[in-house]
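# Structural description and commentary
Next come the chains, spelled out residue by residue.
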Amino acid sequence: MDIKDLKFDEKGLIPAVVQDFYTKKVLTVAYMNAESLAVTLEKKLTCFFSRSRQELWLKGETSGNYQHVVSITADCDRDALVVEVIKDGPACHTGSDSCFTELLFRDEEVQRFTLEALYGLLEQRNAQRPEGSYTTYLFDKGREKILKKVGEECTEVVIGAMKDSREETIYEISDLCYHVLVLMVSMGISVEDVKKELASRHVIDHKVKQETMQ
C-alpha cells in the first residue's frame, strides 16, 4: 500500500488517530496531508497539517515531545489512519499524557481492569494516604516494609506452584503483582517503564532468533 492509495478529503486531508504503542491509549487525533504523511514516513516522526495555521508541524519540534512512529494502518475505506507511536513526552499541549481527558460517560457496571488503572489508584493512595487503607499502611511504613511483603509474596507464589494448585497460585501471583506495583510507585517506576524494558528484550530475542536461523 502507498500514499497514493489513500483517500484524502476535499481539502486534501486525512484524520490520524495517534495511539501509544505500549499502553494502546489514544493520545490525540490530528490531520495529515500527503506532504506531512511523506515527512512522517521519512523521519519516522509524526508530522501533521495544522488546519488553523495552514502549515505542516512536526510534533515535538518546539516542545521536544516527539512521537516516534512504529506503525501506520489505514482503515477499510482507506480514509483514516491509526498511527502507533513511542512518545518522548506528553501528547497534549496542556501537558497531559493524552488529549482525551474529559469524561462524558462511563458505565459503572462495565469497567475494564488494567494495570495502569491500578497503578494510578496506588499513586492516588500514596498522595492522599486515606486512613484505614492497607496501601496507606504500606506507604507509611516505607520501603523496607514494602520489600518485605514483596519477598513474602514471592515465597507464597512458589508454595502455591509447588502444591500444583492453579487457584492458589493465581491468588498469590495477584498478591505479588499488587505489592510489586506498590514498590514501583514508591520508586517512581511506571508500568510503561516496565513494558518498554520487556519490549526491548523482545526485540533482542527476535534478532537472536533470526541470527540463529541463518
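Structural notes, computed from the coordinates. (Residues numbered from 1 in each chain as written. Predicted model: local features only at pLDDT ≥ 70, side-chain atom pairs only at ≥ 80, totals over all residues. Heavy atoms only, no water.)

Empty space within the largest pocket amounts to approximately 1200 Å³. Forming the boundary of the largest pocket are 29 residues, of which K25, R112, T114, E116 and A117 lie nearest the centre. Taken together, the elements giving at least two residues each to the lining of the largest pocket come down to α2 (115-128) and α6 (191-213). Considering every element that reaches the lining of the largest pocket, the biggest residue donor is α2, with seven residues. Among the residues making up the lining of the largest pocket, the classes are represented as ten nonpolar, eight polar and eleven charged. Lining the second largest pocket are 23 residues, and of these T28, W57, K59, A91 and H93 sit closest to its centre. When contributions to the lining of the second largest pocket are tallied by element, the ones reaching two or more residues are β2 (26-32), β3 (47-50) and β4 (55-58). It is β2 that provides the largest number of residues to the lining of the second largest pocket, a total of four residues. Taken together, the residues of the lining of the second largest pocket break down into eleven nonpolar, eight polar and four charged. (1 Å grid on protein atoms, 1.4 Å probe; cavity = no way out; pocket = protein on both sides within 12 Å on 5 of 7 lines; lining within 4 Å. Points joined across faces, edges and corners; volume = space filled by probe spheres on them. Helix = DSSP H or I, 4+ residues; strand = E, 2+ residues; numbered from the N terminus. Nonpolar A, V, L, I, M, F, W, Y, C, P; charged D, E, K, R; others polar.)

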